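One letter stands for each residue in the lines below.
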Number of protein chains: 2
Amino acid sequence: MYTHQYLEAFTARLFEQMGCPPSDAKVVAELLVKAELRGLSSHGMMRVKDYYLLVEAGRINVTPKVRIIHETPSTATVDGDGALGPVAAKRSMEIAIEKARNVGTGWVATKGSNHFGIAGYYSMMALEHDMVGISMTNANPLVAPTYSTSKLLGTNPIAVAIPTLNQPAFVADFATTPIARGKLAIMGKKGEKLDFGFVQDKHGNPSIEPDILLEGGAILPLGGSADHASHKGYCMGSLVDIFSAVFSGANFGPFVPPQVAYLPLLEQSVGDGLGHFFGAMRIDAFRPAEDFKGKMDQWIETFRNAKGIEGQPPVMIPGDPERLFEERITKEGIKLIAPVIKDLAEIAEKLNVPFRME
Amino acid sequence: MYTHQYLEAFTARLFEQMGCPPSDAKVVAELLVKAELRGLSSHGMMRVKDYYLLVEAGRINVTPKVRIIHETPSTATVDGDGALGPVAAKRSMEIAIEKARNVGTGWVATKGSNHFGIAGYYSMMALEHDMVGISMTNANPLVAPTYSTSKLLGTNPIAVAIPTLNQPAFVADFATTPIARGKLAIMGKKGEKLDFGFVQDKHGNPSIEPDILLEGGAILPLGGSADHASHKGYCMGSLVDIFSAVFSGANFGPFVPPQVAYLPLLEQSVGDGLGHFFGAMRIDAFRPAEDFKGKMDQWIETFRNAKGIEGQPPVMIPGDPERLFEERITKEGIKLIAPVIKDLAEIAEKLNVPFRME
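Naming follows an unreviewed UniProt entry, where chain A appears as Malate dehydrogenase (NAD) of Williamwhitmania taraxaci. If you open the UniProt record of chain A and go to Sequence similarities (unreviewed entry), you find "Belongs to the LDH2/MDH2 oxidoreductase family."

Rendered as structure tokens:
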């Protein structure tokens, strides 16, 4: 077991040794450890190796000049200058919050960035300012539009955090697909089969094989099949892609650059790097903050008191599972799986950073 | 067959006779006929009777003072004053557009409103201003959250319209459920059965009965079942509800007032009327408009050229089906079904408006 303080300090040292300024290294470390705390380990410490190899390959700029290249009172377009995703993303969200402070809301489209980790981290930055926070990102193409076999969209997550009075904050953070790639990989290794409605084969036939992506298959949009309205999941994934990349000038759809060093860069580029989109909305730009937060509490209480179904888990409010996990793990400590510990030890040795293996 | 001009003029006369100012009557008529043109007849002329009976019952204010009650440079909260939904909604979207002209983006939360028809109508108002338009609304509770039997959410649609250069505009307009109530009613009348993944019975068991809502059942969120990630559809429906009602001060979730006169008003109210939320974003607030629109064309061409699946319809861009329908029906004319014609004739007679039955 590691404390989050230990892992944060260790991870920050690693990124400093890769050449990042200490303040940037701290952002990346905090983001990756936060993913572990919230039970989203597929975006946590196992990403250190991916980020490291991209840095090694010269595909990430460790000393970027993240800057505004276009703006209005309520908007900005940010060039991430090839930064590590969390560095470009956190700065972008700060700009959105600053704009919201001035004119009620702030909206930032970011290009020239990379994999930014858990979307919820950025949306939750707004909460302490009594603002609603929104964040989204495009991602490597794994998802086929309804009626297609072409992989054109990423799992393209959206996160929205909403302040409350006495209830815990409402934090929705979800991919626009019914399943994540990480889960498919784990099921494949275990030899498990899927239900229908998650993936299709290279001809567009329904499939139950978790490894089907390796054979030209694709993840389906949320909804799962055309007759179960997967076009709505396709719409959502498309909106995230357009907001993240067409607003900012990043690569969209199939042109998003691979976020792992073992895949070569694509031949065709239609923009700069990967894209994100952020929003911050002052709640008192709509009604007095106490009124808003009181009503949010009432909303949450209403939904939490919804009648449950026998034999099923209780009704949850978006953000409940991650928050409960975080409360427990913050006390208990973070347990990493052996392959991740091994990777971290190797990188630590190369970068001359002490690491305690467990 | 009716021309849309005929139906618009007729419908406007009806609402004038109900006491609406001519400009408001025109808005309602245009909205309802636009739904017919776009192939969304469940939100078209069949709603005239619902609106009429609500007006008759004194549950709609035909001479409302729709006004801003709170604002910042980029936001406004609008009180619809009990107006017909389209009247409050169109004015709110105009305010969002005006704010966007001034500071880049404009965001309006509206309370004290009623059923607003097709969401896409308002988002598309932004297109001619080279803005992205967003609209959403909450609605009568028919949808149960994941793991619940309580009907707490409406079908809560979201619409987003995005400007293009030479391609037709991208217009996503979708409910956050896999099926609409109207479709269930039609299948029920025909004696058809559903597939699993659309509705559940009063105990929360999967059901294939389209009439199950009449027996305490509920529509499922997009995704369809807990193991197919219906919690993501639940998140989306919740966000629409919160943006529409908690931002504005309207009734949320199970407290949304019924939009048909044969259902009594609810005993408990937690706000004013039904709520909507609107956004307008100047595309040149992020990058030069021509750049944005050129990239949108490229995005659309990329997706339109996606590889299809044998035996299935071609890949579509959001907005394609409605646009193609509108092009055809604008030429051919609007065909109404007999029960709708009968209802219109009866209302026309009561209100002393000439109507040509076909």
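Having seen the model, we can carry on.
Chemist: I'd like a description of the interface of chain A and chain B, backed by residues and values.
Modeler: Listed per partner, the contact involves 90 residues of chain A and 90 residues of chain B. Between chain A and chain B lies a buried interface of about 6,900 Å² when both sides are counted; carbon and sulfur atoms form 70% of it. On the chain A side of the contact with chain B, A:Tyr147, A:Phe247 and A:Phe286 bury the most area, a combined 12% of that side's loss. Between chain A and chain B we count zero salt bridges in total. At the boundary of chain A with chain B, the tally comes to 30 residue pairs in polar contact (both at pLDDT 80 or more). Looking at the side of chain A that touches chain B, the element that brings in the most residues is helix α7 (residues 230-246) of chain A, giving 12 residues. A per-class count over the side of chain A that touches chain B returns 52 nonpolar, 28 polar and 10 charged.

Chemist: Break down the sheet that holds strand β1 (residues 67-72) of chain B for me, with residues and values.
Modeler: A sheet is described by the order of its strands in space; here seven strands give the open sequence β1-β2-β3-β10-β4-β5-β6 (chain B), paired in mixed fashion. Since the sheet does not close on itself, it has two edges, and those belong to β1 and β6 (170-174) of chain B, each with one partner. Direction aside, neighbouring strands of the sheet carry axes that sit 10 degrees apart on average. Two strands pair when backbone bridges link them, and strand β5 (residues 158-162) of chain B and β6(B) are joined in this way by five bridges, in the antiparallel orientation. Along β6(B), the bridge assignment pairs B:Ala161 with B:Val171. Contacts between α7(A) and the sheet are confined to β4 (131-137), β5, β6 and β10 (274-282) of chain B, with β6(B) contributing the most and set at about 135 degrees to the helix.

Chemist: Outline the environment of A:Leu153, supporting the account with residue identities and numerical values.
Modeler: Within the element layout of this structure, A:Leu153 appears in the loop between β4 (131-137) and β5 (158-162). Residue classification places A:Leu153 among the buried positions, given a relative accessible area of 3%. Taking the C-alpha atoms as reference points, A:Leu153 and A:Val240, 87 residues apart in sequence, are found 9.4 Å from one another. Residue contacts for A:Leu153: discarding those within four places in its chain leaves A:Asn140, A:Pro141, A:Leu142, A:Val143, A:Tyr234, A:Gly237, A:Ser238, A:Asp241 and B:Phe303.

Chemist: Explain the confidence of the model for chain A to me, and be specific about the residues and the numbers.
Modeler: Residues and elements named next belong to chain A. On average, residues of chain A carry a pLDDT of 97, and 100% of them reach 70 or more. Summarising per-element confidence for chain A, the mean pLDDT is lowest in helix α6 (residues 181-190) (87) and highest in strand β10 (residues 274-282) (99). What the predictor reports for the complex is a pTM of 0.98 with an ipTM of 0.98.

Chemist: Quick rundown of helix α1 (residues 4-17) of chain B? Include the residues and the values.
Modeler: All names here are of chain B. The terminal C-alpha atoms of α1, which comprises 14 residues, lie 20 Å apart, in line with the 20 Å expected from a rise of 1.5 Å per residue. Among the residues of α1, those classed as buried are His4, Leu7, Phe10, Thr11, Ala12, Leu14 and Phe15. On the buried face of α1, the contacting elements are α2 (22-37), α3 (47-56), α9 (320-332) and α10 (338-351). Within two residues after α1, Gly19 carries a phi angle of roughly 110 degrees, on the positive side.

Chemist: Quick rundown of the nonpolar core? Include the residues and the values.
Modeler: In terms of nonpolar packing, the biggest core is built from 104 residues, with A:Phe243 and B:Phe243 touching the most fellow members. Ignoring anything within four residues of it in the chain, the contact list for A:Phe243 reads A:Ala109, A:Met136, A:His276, A:Phe277, B:Val132, B:Ile134, B:Val160, B:Ile162 and B:Met281. Ranked by size, the runner-up nonpolar core spans 60 residues in total, among them B:Tyr122, B:Phe278, B:Leu336 and B:Ala348.

Chemist: How would you sum up the relation of the copies chain A and chain B? Please name residues and give values.
Modeler: Superposing chain A onto chain B takes a rotation of 180 degrees plus a shift of 0.0 Å along the axis, which leaves an RMSD of 0.0 Å. Both copies are brought into coincidence by an operation consistent with a two-fold rotation axis. Closest to the rotation axis within chain A is the C-alpha of A:Gly223, separated from it by 2.2 Å. Residue by residue, 100% of the interface of chain A is reproduced at the interface of chain B, so both copies engage with the same surface.

Chemist: Tell me about the environment of B:His203, residues and numbers included.
Modeler: For B:His203, the position within the fold is in the loop between β7 (199-200) and β8 (206-207). Leaving out residues up to four positions away in the same chain, B:His203 has contacts with A:Ile309 and B:Thr149.

Chemist: Before we move on, can you summarise the packing of α3(B) against α10(B) with the specific residues and values?
Modeler: Residues and elements named next belong to chain B. In the contact formed by α3 and α10, the axes pass within 9 Å of each other and the chain directions differ by 40 degrees. Our classification of the angle between α3 and α10 gives oblique. In this structure, α3 crosses over α10, and the sense of that crossing is left-handed. Only Asp343, Leu344, Ile347, Lys350 and Leu351 of α10 make contact with α3, whose side of the interface consists of Val48, Lys49 and Tyr52. In the contact of α3 with α10, the residues fall into five nonpolar, no polar and three charged.

Chemist: Would you mind going over the pattern of salt bridges in detail, with residue names and values included?
Modeler: When the charged atoms of two side chains lie near each other, side chains of opposite charge can form a pair. Residue and element names in this part refer to chain A. Inspection of every chain in the model, using the stated rule, returns 34 salt bridges over all chains. With a shortest N-O distance of 2.7 Å, Glu326 and Lys34 are connected by a salt bridge. With Glu326 in helix α9 (residues 320-332) and Lys34 in helix α2 (residues 22-37), this residue pair connects regions lying 292 residues apart in the sequence. Residue class for Lys34 comes out partly exposed when judged on its relative accessible area of 23%. For Arg67, the salt bridge is made with Asp79, and the minimal N-O distance between the two is 3.8 Å. Of this pair, Arg67 sits in strand β1 (residues 67-72) while Asp79 sits in strand β2 (residues 75-79), placing them 12 residues apart in sequence. Here the salt bridges do not stand alone but share partners, grouping Arg304, Asp320, Arg323 and Glu327 into one network.

Chemist: Requested: an account of unusual backbone geometry, with residues and values cited.
Modeler: With the exception of glycine, the majority of residues adopt a negative phi angle, and the majority of peptide bonds are in the trans configuration. All names here are of chain A. For Asp81, which is not a glycine, the phi torsion comes out positive at approximately 55 degrees. Residue position: Asp81 is located in the loop between β2 and α4 (85-103). Despite not being glycine, Ala229 shows a phi value in the positive range, around 70 degrees.

Chemist: So, the packing of aromatic side chains: which residues are in play, and what are the values?
Modeler: Enumeration over the complete set of coordinates arrives at 41 aromatic pairs over all chains. Here the aromatic rings of A:Phe116 and A:Tyr122 are separated by 4.8 Å at their centres, their planes lie at 40 degrees, and the arrangement is tilted. Neither A:Phe116 nor A:Tyr122 differs from the other in exposure class; each is buried. Through pairs of rings, three or more aromatic residues link up here, namely A:Trp107, A:Phe243, A:Phe247, A:Phe277, A:Phe286, A:Phe292, B:Trp107, B:Phe243, B:Phe247, B:Phe277, B:Phe286 and B:Phe292. A cation over a ring is seen here: A:Arg328 above A:Phe325, with NZ or CZ 5.2 Å from the ring centre.

Chemist: Describe the sheet that holds β2(A), and please don't skip the residues or the numbers.
Modeler: Think of a sheet as strands paired side by side through backbone hydrogen bonds, with each pair either parallel or antiparallel. Residue and element names in this part refer to chain A. Spatially, seven strands are ordered β1-β2-β3-β10-β4-β5-β6 in an open sheet, and the strand pairing comes out mixed. With one partner strand each, in any of the chains shown, β1 and β6 (170-174) form the two edges of the open sheet. Neighbour-to-neighbour, the strand axes of the sheet open up by a mean angle of 10 degrees, direction not taken into account. Relative to β2, β1 runs antiparallel, the two sharing five bridges. Along β2, the bridge assignment pairs Glu71 with Ala76. Against the sheet, helix α8 (residues 289-304) makes contact with β4, β5 and β6, and its axis sits at roughly 65 degrees relative to β6, the strand it touches most.

Chemist: Tell me about the side chain of A:Arg47, and name the residues and values.
Modeler: Locating A:Arg47 in the fold gives a position in helix α3 (residues 47-56). The contact partners of A:Arg47, leaving out residues within four places of it in the chain, are A:Leu32, A:Ser42 and A:His115.

Rules of the game
- Residues numbered from 1 in each chain as written.
- Chains lettered and ligands numbered in written order.
- Predicted model: local features only at pLDDT ≥ 70, side-chain atom pairs only at ≥ 80, totals over all residues.
- Heavy atoms only, no water.
- UniProt positions renumbered as here; feature names shortened; annotations may be inferred.
- Contact = heavy atoms within 4.5 Å.
- Buried area = accessible area lost by both parts, 1.4 Å probe.
- Salt bridge = Lys/Arg side-chain N within 4 Å of Asp/Glu carboxyl O.
- Polar contact = N/O pair within 3.5 Å; in protein donor to acceptor, adjacent residues only side chain to side chain.
- Helix = DSSP H or I, 4+ residues; strand = E, 2+ residues; numbered from the N terminus.
- Nonpolar A, V, L, I, M, F, W, Y, C, P; charged D, E, K, R; others polar.
- Pairing = 2+ DSSP bridges.
- Axes fitted to C-alpha atoms, helices over the stretch in contact; angles between N-to-C directions.
- Buried < 20%, exposed > 50% of the residue type's maximum accessible area, 1.4 Å probe, protein only.
- pLDDT = per-residue confidence, 0-100.
- Expected span 1.5 Å × (residues − 1).
- Core = buried A, V, L, I, M, F, W, Y, C linked by side-chain atoms within 4.5 Å.
- Least-squares fit on C-alpha atoms with pLDDT ≥ 70 in both.
- Parallel < 35°, antiparallel > 145°, perpendicular 65-115°, else oblique.
- Left-handed = near helix turned anticlockwise from the far one by under 90°.
- Phe/Tyr/Trp six-rings, centres within 6.5 Å; stacked < 30°, edge-to-face > 60°.
- Lys NZ or Arg CZ within 6 Å of the ring centre and 35° of its normal.

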